[in-house]
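Working through the structure, step by step
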Amino acid sequence: MSKTFSLDEVAKHKEKDDLWIIVEGDVYDLTKFQTEHPGGQKILQRVGGKDATTQFWKYHNQGILNKYKPKLMIGSLEGKAAEKPATAAAAVEAPKAAPAVIVPAKTSAVKVPEEQRETLEPLGELIPFGDPSWYQGYHSPYYNETHSALRNEIRAWMEEKVEPYLNEWDETKRVPEEIYQEMGKRGYLAGLLGLHYPVQYTNYRVTSVPPEKWDLFHEFILTDELSRSGSGGFVWNVIGGYGIGLPPLMKFGNEVVRKRVIPGIINGSKRICLAITEPDAGSDVANLTTTAEKTPDGKHFIVNGEKKWITNGIWSDYFTVAVRTGKPGMGGISVLLIERTMPGVSTRKMDCQGVWASGTTYITFEDVKVPVENLIGKENQGFKVIMTNFNHERLGIAIQSTRFARVCYEESMKYAHKRKTFAKRLIDHPVIRMKLAHMARQIEATHNLLENMIYQCKCMGETEAMLKLGGPIASLKAQSTITFEFCAREAAQIFGGLGYTRGGQGAKVERLYRDVRGYAIPGGSEEIMLDLSVRQSLKVHQALGMKL
Ligand code: HEM
């Protein structure tokens, strides 16, 4: 049981060589820690023996408390109010108006179906627009109790295992391998393929969702909650290569290869990535030049070429690679599964502006001998394989960008309640409220479009979705990254110097600002997406009988 102390007892420990403070009713012994405190020793000594809750929240965010609590907390004050989690939001000055009342499901005007009631149980800090509206007691047609259970499960895991370490991982440009392995064991990797939960390849299950109930909204929630990290590097480290590299193999791979390779990847012990982009061919896929020539006996392809900006390439065991097997243009492309053990594969890490922990890689293939069984899909029909992948990839980017925009907004809203300028909190300056309002309206609009697209994908078959939704999803991808860029910029302005320095309270904002281009360019640049959204939708609607 944790020790309890009276205020008088704590007050005795106020000297440099015996220094305690109180934060949120808990007592911390900072005697040893003070010399390594990044904010300085004296500032701690000034609050020695006292309640320093207000000062603490002024300079730190929740992650710091979560990280240091286990090391520095020695007990609590006598009579500390019934255990409720300490949060930065709790320290924010109370609003003047009466607190909002969440309408419980039972008293809603419309009868809420039994299976949706739990989704109305709020989660999070209830900052307006700080989470999707169904997290905050608002109705939605898309979610049931398995979705809210999953949301709670991932958030708890992220807060314990991921959040406190994000800054470290960003600086070292690597997420510990155990996190990826845990993604496998917790069943999360298996749920990220835009497909039914693949029970045939894994015995791991997601604790809160039976496999037969798994749908695209679960995948949405999973990616969304991972993105609450506010780190493109983290998200891409754990799902970047996997989410786009594995689906083609799952759908179009040779059965023997699938059985040999997929279980290790889904269980988190092996890694895969998608290698399409080349030094000279990005969004313009049809022009790629990496060649794969068949050997005279027809048993192998010999692959030569270079791939660039490949997420996770540096630590991947498998590469889903677009190659040219035939004539110029889209009719001569195939997709091959290349394995790191095959001689002639080399990878080199690239230094980029953002997404640091994602392992952006330059790959060279030099006379790599690949068995024909490793062909994914049919020879010279690889363009279809690549196209089928695009909706899933772009939806993933849109989910991440939208949550990143929300993180920028949420962080700004919290900070605007504690930072004072000209004797007023930032939130009391109309110019700051205007910034927050513009962020929120774009985030909410994008999120609603996102839910609509996911619902369409859930209802349509894959081919119908590929044809009909190519345009709208391209539009959504651009909408989400433009929103992300806007919110990152506005958040950086609100945070001022703190959004310009790495680490500290503005860490997420500073990092996300650097990650913006990593989202606006790959998976189809904004310009190409917007143009495609009109061209593709016109084609589809011509087929549907458009009268123009
Ligand atoms: C449990 C007690 C505390 C811990 C574990 C702690 C930890 C930290 C850490 C890790 C940082 C680096 C910045 C960051 O990553 O966010 C920091 C910065 C700082 N801390 Fe603390 N701190 C504690 C208490 C306090 C208190 C009570 C004060 C003020 C009275 C304070 C004032 C500061 C200041 C001024 C900075 C520099 C902020 C900046 O760079 O903008 N800290 N602290």
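Parameters and conventions
- Residues numbered from 1 in each chain as written.
- Predicted model: local features only at pLDDT ≥ 70, side-chain atom pairs only at ≥ 80, totals over all residues.
- Domains from an automatic or database assignment.
- Helix = DSSP H or I, 4+ residues; strand = E, 2+ residues; numbered from the N terminus.
- Buried ≥ 20, exposed ≤ 12 C-beta atoms within 10 Å, placed from the backbone.
- Contact = placed C-beta atoms within 7 Å.
- Near = placed C-beta within 6 Å.
- UniProt positions renumbered as here; feature names shortened; annotations may be inferred.
- Core = buried A, V, L, I, M, F, W, Y, C linked by C-beta atoms within 7 Å.
- Axes fitted to C-alpha atoms, helices over the stretch in contact; angles between N-to-C directions.
- Parallel < 35°, antiparallel > 145°, perpendicular 65-115°, else oblique.
- Left-handed = near helix turned anticlockwise from the far one by under 90°.
- Nonpolar A, V, L, I, M, F, W, Y, C, P; charged D, E, K, R; others polar.
- Expected span 1.5 Å × (residues − 1).
- Pairing = 2+ DSSP bridges.

A look at the domain arrangement of the chain
Assigned domains within the chain: domain 1 (3-91) and domain 2 (393-544). Its C-alpha centre places domain 1 at a distance of 37 Å from the equivalent point of domain 2.

Description of the environment of Gly268
With respect to the element layout, Gly268 can be found in the loop between helix H11 (255-266) and strand S6 (272-275). Classification of Gly268 as buried rests on a count of 25 C-beta atoms within 10 Å. Residues Gly268 and Val534, spaced 266 residues apart in sequence, show a C-alpha to C-alpha distance of 39 Å. Not counting chain neighbours up to four residues away, the residues in contact with Gly268 comprise Tyr180, Gln181, Met183, Gly184, Lys185 and Leu189.

A closer look at the site of the ligand
If you check the shell around the ligand, you find 21 residues, and the closest are Pro38, Gly39, Ala52, Gln55 and Tyr68. Among the elements of the structure, strand S3 (18-23), helix H2 (42-45), helix H3 (53-59) and helix H4 (62-72) are those that each provide at least two residues to the shell around the ligand. Residue contributions to the shell around the ligand reach at least three from each of two domains, namely domain 1 (3-91) and domain 2 (393-544).

Points about the UniProt feature "domain: Cytochrome b5 heme-binding" (unreviewed entry) in the chain
The UniProt feature table records "domain: Cytochrome b5 heme-binding" (unreviewed entry) at residues 2-78. Strand forms 26% of residues 2-78 and helix 35%; the C-alpha atoms that close the span are 11 Å apart.

Focus: the nonpolar core
In terms of nonpolar packing, the biggest core is built from 111 residues, with Val303, Leu336, Ile338, Cys408, Tyr409, Cys487 and Ala488 touching the most fellow members. If you tally residues by element for this core, the top one is helix H12 (residues 382-418), at 14 residues. Discounting chain neighbours no more than four positions away, the residues touching Val303 are Thr290, Ala292, Val323, Leu336, Ile338, Phe365, Val368 and Val370. Counting residues in each nonpolar core, the second largest holds 15 residues, with Val23, Leu30, Leu44 and Ala52 among its members.

Focus: the packing of helix H6 (residues 145-162) against helix H9 (residues 216-227)
For any two helices packed against each other, the geometry comes down to the angle between their axes and how far apart the axes lie. Closest axis-to-axis distance for the H6/H9 pair is 10 Å, and the angle between their directions is 20°. Classified by the interaxial angle, the pair formed by H6 and H9 is roughly parallel. Viewed along their axes, H6 and H9 form a crossing whose handedness is right-handed. Along the contact surface, H6 presents His147, Leu150, Arg151, Ile154, Arg155 and Met158, while H9 presents Phe217, His218, Ile221, Leu222 and Glu225. Tallied by class, the residues present in the contact of H6 with H9 amount to six nonpolar, two polar and three charged.

Section: helix H13 (residues 430-459)
In this model H13 runs 43 Å from its N-terminal to its C-terminal C-alpha over 30 residues, within 8% of the 44 Å that 1.5 Å per residue would give. Of the positions making up H13, those classed as buried are Ile432, Lys435, Leu436, Met439, Gln442, Ile443, Thr446, His447, Leu450, Met453, Ile454 and Cys457.

Some thoughts on the sheet that holds strand S2 (residues 14-15)
The strand order S1-S5-S4-S3-S2 describes an open sheet built from five strands, whose pairing is mixed. For this open sheet the edge positions go to strand S1 (3-5) and S2, each flanked by a neighbour on one side alone. The pairing of strand S4 (residues 26-29) with strand S5 (residues 73-77) spans three bridges and is antiparallel. Residue pairing across strands places Asp26 opposite Ser76, the latter belonging to S5.

Here we look at the environment of Lys307
On the secondary structure map, Lys307 appears in strand S8 (residues 300-311). Spatially, the C-alpha atoms of Lys307 and Gln381 are 20 Å apart, while their sequence positions differ by 74 residues. The residues touching Lys307, leaving out its near neighbours within four places in the chain, are Ala275, Thr277, Glu278, Thr290, Val321 and Ile363.

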